[in-house]
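# Understanding the architecture of this molecule
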Amino acid sequence: MLITQAGMALAAGVLGWFLSAWPPHEDEALALFVGRSSLGDLLHTVIGQRGGAPLHFLLAWTVVHLGGGLTALRAFSLLFAVASVPL
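In this report, the structure presented in the accompanying data block is examined. As the structure is a prediction and not an experimental result, all values here were calculated from the model.

## A few points about the packing of aromatic side chains
Per the stated rule, a full pass over the model turns up one aromatic pair. Taken together, a centroid distance of 5.3 Å and an interplanar angle of 75° make the contact between phenylalanine 76 and phenylalanine 80 edge-to-face. Of this pair, phenylalanine 76 and phenylalanine 80 both sit in helix H5 (residues 70–83), four residues apart, which is roughly one turn of that helix.

Following this line, the structure appears as structure tokens:
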């Protein structure tokens, strides 16, 4: 249990440190640009044209429509990455 908590803290610290240091990756930019559209357009693009993970794009759409940008999207991803450490 203590090792898991230490791993989660380490992952959160390291990833949090680099949260805004890395340049945008093309997958992040795509999620942000597609996330700016309406929900119907997002689903049409992801399912009908591009293919991919609809849940990922839906979460990115939520972040964008709550006013977030690249750093907020990365923070949301960091939350899921740290939560997956115990698994």
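## Concerning the pattern of salt bridges
By the definition in use, this model includes one salt bridge. Between arginine 74 and glutamate 28 there is a salt bridge whose closest N-O contact spans 2.9 Å. One end of the pair, arginine 74, is in helix H5; the other, glutamate 28, is in helix H2 (residues 26–35), and 46 residues separate them in sequence. Relative accessible area serves as the criterion here: at 9%, arginine 74 is assigned to the buried category.

## Structural notes on the packing of helix H3 (residues 39–50) against helix H4 (residues 54–65)
Two elements in contact, H3 and H4, have axes separated by 10 Å at closest approach and are oriented at 155°. Relative to H4, H3 is oriented roughly antiparallel. Here the hand of the crossing between H3 and H4 comes out right-handed. Of the residues in H4, those in contact with Leu39, Leu42, Val46, Ile47 and Arg50 of H3 are Pro54, Phe57, Leu58 and Trp61. Split into classes, the residues belonging to the contact of H3 with H4 amount to eight nonpolar, no polar and one charged.

## Digging into the environment of serine 37
Inspection of the secondary structure assignment puts serine 37 in the loop between H2 and H3. A sequence separation of 17 residues divides serine 37 from serine 20, and the C-alpha atoms of the two residues are 24 Å apart. Beyond its immediate stretch of four places on either side in the chain, serine 37 contacts Leu42, Trp61 and His65.

The rules we used
Residues numbered from 1 in each chain as written. Predicted model: local features only at pLDDT ≥ 70, side-chain atom pairs only at ≥ 80, totals over all residues. Heavy atoms only, no water. Phe/Tyr/Trp six-rings, centres within 6.5 Å; stacked < 30°, edge-to-face > 60°. Helix = DSSP H or I, 4+ residues; strand = E, 2+ residues; numbered from the N terminus. Salt bridge = Lys/Arg side-chain N within 4 Å of Asp/Glu carboxyl O. Buried < 20%, exposed > 50% of the residue type's maximum accessible area, 1.4 Å probe, protein only. Axes fitted to C-alpha atoms, helices over the stretch in contact; angles between N-to-C directions. Parallel < 35°, antiparallel > 145°, perpendicular 65-115°, else oblique. Left-handed = near helix turned anticlockwise from the far one by under 90°. Contact = heavy atoms within 4.5 Å. Nonpolar A, V, L, I, M, F, W, Y, C, P; charged D, E, K, R; others polar.

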